[in-house]
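# Inside the fold
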Amino acid sequence: MSRNTRNPYAVRWSKFADGERMPFLVWAATGIPMQAPTYWVVSKRRPSGVQPNTLHNDLRALMYLYLWADARGVDLQDRFESGALLTLTEVTDLDTFCGRYLDEAVGELPDQNGHVIRLVVRKSNNKKKASRRTVNLLEKRNRLAAVHSFIEYTSADHLSRLHLWPDRWGHYSSVRDNCLKWIRSRYEAIKKPSRNDLGAREGLEEAEVARLRAAIEPDHPENPFEPKVRFRNYLIISLLLGLGVRRGELLGIRVEDVQLGSNGTVTVHRRPDDPDDPRKVQPSSKTEARVLPLSGRLTDLLYEWIVHHRSKIVGARRHPFLIVDCDEGRPLSLSSVNKLMRALRSRVPGLPEKLSAHVLRHSWNDAFSDAMDRKGVPGDQEAKWRARLMGWRREESAEAYLRRTVRRRSNEVLVELQDSLDIQHHGAAGSARP
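Below you will find a few notes about this structure.

Rules behind the numbers
- Residues numbered from 1 in each chain as written.
- Predicted model: local features only at pLDDT ≥ 70, side-chain atom pairs only at ≥ 80, totals over all residues.
- Heavy atoms only, no water.
- Helix = DSSP H or I, 4+ residues; strand = E, 2+ residues; numbered from the N terminus.
- Buried < 20%, exposed > 50% of the residue type's maximum accessible area, 1.4 Å probe, protein only.
- Contact = heavy atoms within 4.5 Å.
- Areas by Shrake-Rupley, 256 points an atom, 1.4 Å probe, with all protein chains shown as cover.
- Pairing = 2+ DSSP bridges.
- Expected span 1.5 Å × (residues − 1).
- Arc of directions from axis to C-beta.
- Phe/Tyr/Trp six-rings, centres within 6.5 Å; stacked < 30°, edge-to-face > 60°.
- Lys NZ or Arg CZ within 6 Å of the ring centre and 35° of its normal.
- Axes fitted to C-alpha atoms, helices over the stretch in contact; angles between N-to-C directions.
- Parallel < 35°, antiparallel > 145°, perpendicular 65-115°, else oblique.
- Left-handed = near helix turned anticlockwise from the far one by under 90°.
- Nonpolar A, V, L, I, M, F, W, Y, C, P; charged D, E, K, R; others polar.
- Salt bridge = Lys/Arg side-chain N within 4 Å of Asp/Glu carboxyl O.

### Some points on the overall build of the protein chain
The secondary structure content of the protein chain amounts to 15 helices and seven strands. Expressed as a percentage of the 434 residues in the protein chain, the buried residues total 45%. Counted over contacts in the protein chain with a minimum sequence separation of 6, partners at least 24 positions apart contribute 64%. Accessible area of the protein chain: about 23800 Å², with a carbon and sulfur share of 51%.

Written out as structure tokens, the structure reads:
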């Protein structure tokens, strides 16, 4: 879509001296944080224990409120101060606006001449009617929920200043209640998907895992990466599949966390706001710290990486992190892992579009279930072992990772049941014959 406007807002990260990371919604032209969103994040969201990456998503969502206001000529600061807030018609329009992709939302802003660049309409294949791209409903729900939280908190601050004027306080409070009710009804109407919904994320099928393992081999003819990063990428995929760790946990591992030898281990630590981590967006662990055993093969791979590859990258000597950029030796970023997965999905035939680091965590859980089945481990024992290896506080956390295993096991039981009924039916029919 061609447009003459640029997004006037951006979410930028700051790293403080003590290692804490904080995102801010800023004016893109100056980099100066916006006052109201900063107040909301610093005094409302962060003190409640919300993690920095979630705050980043909150501010990205809140950006839509400001883009909508600019596109409609609404002065949000004036609305908060006067108590006008948003009308029902405006909330309805904002609801639609929050369902758009960012480039299309930015495309609704007036250009320097005051002209609005309208959305490009995409026609359906049957050409009967035009269609407009919209984001998935859960993303839209999250945006509206962030807008609701921001308006609720910011308007409460303005309302508190009117306590000496009861009439004005009462009017502001009434308008505020209606506005929040309208926004809340919009996002609550979008139901969160159930963990058992069709289409929910599952691990890879066995053939897909085999295809991935083959293609990522450094000397495989279909390996899509340049030679200097092939071994590192092979190690990344091997560790994700072999340990079931999260992407952030993998990137947080330090060389000192790896113990090589006949009984090799790797320790997954929780190091929030690590001052030694130079990345503004710090990879973080959502789970408990734990020590994981390494197979002989993984131990050999880690030895080769640490001794023969990482040690020769000059920049890698300046920090302790295990997985690094192969050019300058900086700790690898979360976005680089995403880029790795995109390259595999797009360049290697036979790999699914759903491939991601987190899907490999699902695949590990499926493989673990298969191993428990082969060993005949009781279900309660399996749940305890899985929770420890995954770093979960509650065994119930496994539910989201067992969709493919549950589907396979339940389908096997259903087929066995059907077969037994068929046998009973044929046996009864045979005995009834003269």
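On we go.
### So, the sheet that holds strand 5 (residues 258-259)
The pairing of strands in a sheet happens through backbone hydrogen bonds and is either parallel or antiparallel. Ordered by their spatial adjacency, three strands build an open sheet running 5-6-7, and the pairing between neighbours is antiparallel. If you trace the sheet from one side to the other, it starts and ends with strand 5 and strand 7 (290-293), each paired once. With two bridges joining them, strand 5 and strand 6 (residues 265-268) adopt antiparallel strand pairing. Paired with Gln259 across the strands is Thr265, a residue of strand 6.

### Considering the pairing of strand 1 (residues 9-15)
Here strand 1 runs beside strand 2 (residues 21-27); their pairing, made up of seven bridges, is antiparallel. Bridged to Ser14 within strand 2 is Met22. Hairpin geometry of strand 1 and strand 2 is characterised by an intervening segment of five residues between the two adjacent antiparallel strands and by a positive phi of about 95° at Gly19.

### Focus: helix 11 (residues 296-309)
With 14 residues, helix 11 should cover 20 Å at 1.5 Å per step; its first-to-last C-alpha distance of 19 Å lies within 8% of that length. Restricting attention to buried positions, one finds in helix 11 the residues Leu298, Thr299, Leu301, Leu302, Trp305 and Ile306. Taken end-on, helix 11 shows its buried residues confined to a sector of 165°, consistent with a single buried face. Close packing links the buried residues of helix 11 with helix 9 (227-243) and strand 5.

### Details of the packing of aromatic side chains
Within this structure, the stated rule accounts for nine aromatic pairs. Members of the aromatic cluster, connected to one another through ring pairs, are Tyr9, Trp27, Trp40, Tyr66, Phe80 and Phe150. Between Arg168 and the ring centre of Trp165, over which it is positioned, the NZ or CZ distance is 5.3 Å.

### Structural notes on the side chain of Glu382
On the secondary structure map, Glu382 appears in helix 14 (residues 379-390). Of the residues examined, Glu382 reaches a relative accessible area of 8% and is grouped as buried. Contact partners of Glu382, with chain neighbours within four places excluded, come to Phe368, Ser369, Met372, Val377 and Arg409.

### Considering helix 1 (residues 35-45)
When helix 1 is considered as a whole, its buried residues turn out to be Ala36, Pro37, Thr38, Trp40, Val41 and Arg45. The inward-facing, buried residues of helix 1 contact strand 2, helix 2 (52-72) and helix 6 (137-160).

### Some points on the packing of helix 9 against helix 11
Two numbers describe how helix 9 lies on helix 11: the axes approach to 11 Å, and their chain directions differ by 150°. With respect to their mutual orientation, helix 9 and helix 11 come out roughly antiparallel. When the axes of helix 9 and helix 11 are compared, the crossing they make is left-handed. Contacts from Phe231, Arg232, Tyr234, Leu235, Ser238, Leu239, Gly242 and Leu243 in helix 9 reach Arg297, Leu298, Leu301, Leu302, Glu304, Trp305 and His309 in helix 11. Grouping the constituent residues of the contact of helix 9 with helix 11 by class yields nine nonpolar, three polar and three charged.

### Observations regarding the pattern of salt bridges
Enumeration according to the criterion identifies 22 salt bridges in this entry. Arg21 is paired through a salt bridge with Asp277; the nearest N and O atoms lie 4.0 Å apart. In this pair, Arg21 sits in strand 2 while Asp277 sits in the loop between strand 6 and strand 7, placing the two residues 256 residues apart along the sequence. Close ionic contact of Asp274 with Arg254 constitutes a salt bridge, the shortest N to O distance being 2.7 Å. Placement of Asp274 in the loop between strand 6 and strand 7 and of Arg254 in the loop between helix 10 (247-252) and strand 5 is noted, with a sequence separation of 20 residues between them. The class for Arg254 is buried, based on a relative accessible area of 9%. If you follow the salt bridges from partner to partner, you end up with Arg72, Asp93, Arg100 and Glu108 in one network.

### Looking at unusual backbone geometry
Positive phi outside glycine occurs at Leu85, with the angle close to 50°. Counting through the fold element by element, Leu85 comes out in the loop between helix 3 (76-82) and helix 4 (88-97). In this structure, Asp273 is a non-glycine residue whose phi angle is positive, near 55°. Inspection of the secondary structure assignment puts Asp273 in the loop between strand 6 and strand 7. With relative accessibility at 21%, the residue Asp273 sits in the partly exposed group.

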